[in-house]
Amino acid sequence: MNATASRNWLLNGSSGKKISYAGQVGYLIAGMKEVTEAQIGDTLFLYKQPVEPLPGFKSAKPMVFAGMYPIDQTEYNNLKSALERLTLNDSSVTVHRDSSLALGAGWRLGFLGLLHMEVFNQRLEQEYNMSVILTAPTVPYKAVLSSAKLIKEYGKDQITIINPAQFPDKLSVSEYLEPTVLGTIVTPHEYIGKIITLCQDRRAVQKDLLYIDENRVMLKYLFPLNEIVVDFYDALKSLSSGYASFDYEDAGYQSADLIKMDILLNGNPVEELATIIHKDKAYAAGKLLCERLKETIPRQLFEIAIQAAIGKKIIARETLKPYRKNVVAKCYGGDITRRMKLLRRQAEGKRLMRKIGNVEVPRDAFIRVLKRETDK
């Protein structure tokens with residue numbers, strides 16, 4: 001530790017003298033149980049002699065959150081050890097334990113951005129040989145509470161939501177807030193029409209348009225962070241043949257009409273597919289998710305109803321047809337009542353199977369569904 005830079009007092013291990021300059025090595029004894037409790041920017045002081053913390057240090061603020069789960073739950077402890085080692089030299093990653101009925105025990109990680117998340121995942125695979133399931137990234141929303149009961153429970157009137165399962169009911173909230181960023185796009189002028197259309201589709205508000213020279217244009221837009229965090233950069237590069245550049249900076253929070261959309265399989269909600277989304281985009285997103293689930297879930301011996309719901313209202317539905325045995329194949333004539341009796345018995349059996357049967361979504365299906373691909 002550089003004592004001159006931090007102005008902290010350490011004890012010399014050999015002489016016991018106080019030192020306050022660079023070059024000497026010392027140690028201190030603290031009541032910390034884990035290495036993660038020591039953060040960059042912490043100010044140390046002697047017992048019962050508190051001092052003012054040194055100014056200028058701010059902890060890194062995660063902007064993108066994603067769930068991380070081991071492919072095999074037997075690898076949980078190995079993945080935990082790998083995460084602890086990686087976060088030692090990357091303190092900007094926040095780690096919180098999480099669990100899912102579908103994916104098992106895991107963590108919810110916070111990153112500075114999508115690129116940061118991808119690099120962290122690559123290091124995990126290359127340096128520690130760990131294969132993980134990484135869910136679709138989400139952003140931190142906020143809710144201004146109006147319920148006195150919830151305000152008392154949380155101890156404040158504004159909460160941060162990083163998991164759709166924590167999304168409070170509309171009746172208990174006076175306002176939802178979503179994070180925004182000020183994005184700057186520099187592009188050749190021949191692509192400006194396509195890029196403006198793309199930005200409008202992402203609910204962006206234009207702030208400035210400036211011609212840098214004869215061929216290049218600089219656009220400034222205020223974006224909701226969740227609209228650019230996954231695939232906006234790829235779409236921008238595709239529309240501009242790779243010539244457009246994009247940069248953004250934090251612009252605080254703004255009020256938004258947010259809702260929680262659940263995905264139901266035969267009436268049972270699937271926790272991992274619940275999403276927080278803007279009300280204007282709920283129908284299109286729900287329809288797309290249902291269509292993808294229909295393609296990825298294996299067929300069963302009973303019918304599966306795939307539904308997107310907002311509260312108790314169903315906004316989209318797809319039906320996965322069951323496998324069907326031809327029970328009337330042996331009927332080659334005779335009375336029609338025999339044929340109808342066999343079909344009726346089959347229908348009753350399938351209704352019973354649907355009541356007691358469980359739909360298990362394969363783990364790789366979660367990843368295929370959660371990826372926001374424009375092409376199928």
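This report concerns the structure included in the present document. (Residues numbered from 1 in each chain as written. Predicted model: local features only at pLDDT ≥ 70, side-chain atom pairs only at ≥ 80, totals over all residues. Heavy atoms only, no water.)

Here we look at the packing of helix α5 (residues 192-201) against helix α7 (residues 232-239)
What counts, and what does not: Fitted lines through C-alpha atoms serve as axes, helices being fitted only where they are in contact, and the angles separating the N-to-C directions of these axes extend from 0 to 180 degrees. Every helix listed is a DSSP run of H or I at least four residues long, and every strand listed is a run of E at least two residues long, numbered separately from the N terminus. In what follows, roughly perpendicular refers to angles from 65 to 115 degrees, roughly parallel to angles under 35, roughly antiparallel to angles over 145, and oblique to any angle outside these ranges. Here a crossing is called left-handed whenever its near helix is offset anticlockwise from the far helix by less than a right angle, and right-handed whenever the offset is clockwise. Residues count as neighbours in contact if any of their non-hydrogen atoms are within 4.5 Å of one another. Residue polarity is assigned by list, with Asp, Glu, Lys and Arg as charged and Ala, Val, Leu, Ile, Met, Phe, Trp, Tyr, Cys and Pro as nonpolar; anything else, Gly included, falls into the polar class.
In the contact formed by α5 and α7, the axes pass within 10 Å of each other and the chain directions differ by 160°. Of the possible angle classes, the one that applies to α5 and α7 is roughly antiparallel. Considering how the two elements wind past one another, α5 and α7 form a crossing that is right-handed. Between α5 and α7, the residues in contact are Lys194, Ile195, Leu198 and Cys199 and Phe232, Ala235, Leu236 and Leu239, respectively. Of the residues that constitute the contact of α5 with α7, the class distribution is seven nonpolar, no polar and one charged.

Examining the packing of helix α2 (residues 76-88) against helix α3 (residues 114-128)
At their nearest, the axes of α2 and α3 sit 11 Å apart, and the two run at 115° to each other. Crossing hand, α2 versus α3: right-handed. Where α2 abuts α3, its residues Leu79, Ala82, Leu83, Arg85, Leu86 and Thr87 lie against Phe120, Arg123, Leu124, Glu127 and Tyr128. Here the contact of α2 with α3 is built from residues that sort into seven nonpolar, one polar and three charged.

With respect to the packing of aromatic side chains
Spelled out, the test is: Two aromatic rings from Phe, Tyr or Trp, using only the six-membered ring of Trp, form a pair when their centres are within 6.5 Å; if the ring planes differ by under 30 degrees the pair is stacked, by over 60 it is edge-to-face, and anything between is tilted. Relative accessibility thresholds used throughout: buried, under 20% of the residue-type maximum; exposed, over 50%; partly exposed, between the two (1.4 Å probe, protein chains only). Comment: the charge-over-ring label is applied if NZ (Lys) or CZ (Arg) is within 6 Å of the ring centre and within 35 degrees of the ring normal.
This structure, assessed with the given rule, holds nine aromatic pairs. Ring geometry for Tyr76 and Trp107: centres 4.7 Å apart, planes at 10°, overall stacked. Pair noted here: Tyr76 is in helix α2 and Trp107 is in strand β6 (residues 104-111), with a separation of 31 residues, a long-range link. Both residues of the pair, Tyr76 and Trp107, belong to the buried class. Centre to centre, the rings of Phe167 and Tyr176 are 4.7 Å apart; their planes meet at 15°, and the pair counts as stacked. Across the pair, Tyr176 and Phe167 agree in class, each one buried. Three or more aromatic residues link up through ring pairs in this structure, and these residues are Tyr221, Phe223, Phe232, Phe246 and Tyr248. Here Lys142 stacks its cationic end above the ring of Tyr253, 4.5 Å away from the centre of that ring.

Here we look at the pattern of salt bridges
Convention followed: Only one rule defines a salt bridge in this text: a Lys or Arg side-chain nitrogen within 4 Å of an Asp or Glu carboxyl oxygen.
Counted by the stated rule, this structure contains nine salt bridges. Ionic pairing is found between Arg123 and Glu127, a salt bridge with its closest N-O pair at 2.9 Å. Of the two residues, Arg123 and Glu127 are both situated in helix α3; the distance of four residues between them amounts to about one turn of the helix. On the accessibility criterion, Arg123 (24% relative accessible area) is partly exposed. For Asp262, the salt bridge goes to Lys260, with nearest N and O atoms at 3.9 Å. For Lys260, a relative accessible area of 24% corresponds to the partly exposed category. Shared partners join several salt bridges into a network, and the residues in it are Glu178, Arg203, Glu227 and Lys281.

Quick word on the side chain of Ser240
One can find Ser240 in the loop between α7 and β13 (245-255). Setting aside chain neighbours within four positions, we find Ser240 in contact with Thr187, Tyr191 and Ile195.

Considerations on α5
Worth spelling out the cut-off: This arc describes the spread of directions from the helix axis toward the C-beta atoms.
Taken residue by residue, α5 has Ile192, Ile195, Ile196, Leu198 and Cys199 as its buried positions. All buried residues of α5 lie within an arc of 160° about the axis, which places them on one face of the element. In α5, those exposed residues whose orientation departs by more than 90 degrees from the buried face are Lys194 and Gln200. On its buried face, α5 is in contact with β10 (173-188), β11 (205-211), β12 (216-224) and α7. Positive phi appears at Arg203, one or two residues downstream of α5, with a value of about 60°.

Describing the pairing of β10
The side chains of a regular strand alternate between the sheet's two faces. Selection criterion: Think of it this way: DSSP has to see at least two bridges between two strands before they count as a pair.
With four bridges joining them, strand β8 (residues 141-145) and β10 adopt antiparallel strand pairing. Each bridged residue has a counterpart across the sheet, and for Val144 the counterpart in β10 is Glu175. Relative to β12, β10 is paired through nine bridges, and the arrangement is antiparallel. Bridging from a neighbouring strand, Thr180 pairs with Pro224 of β12.

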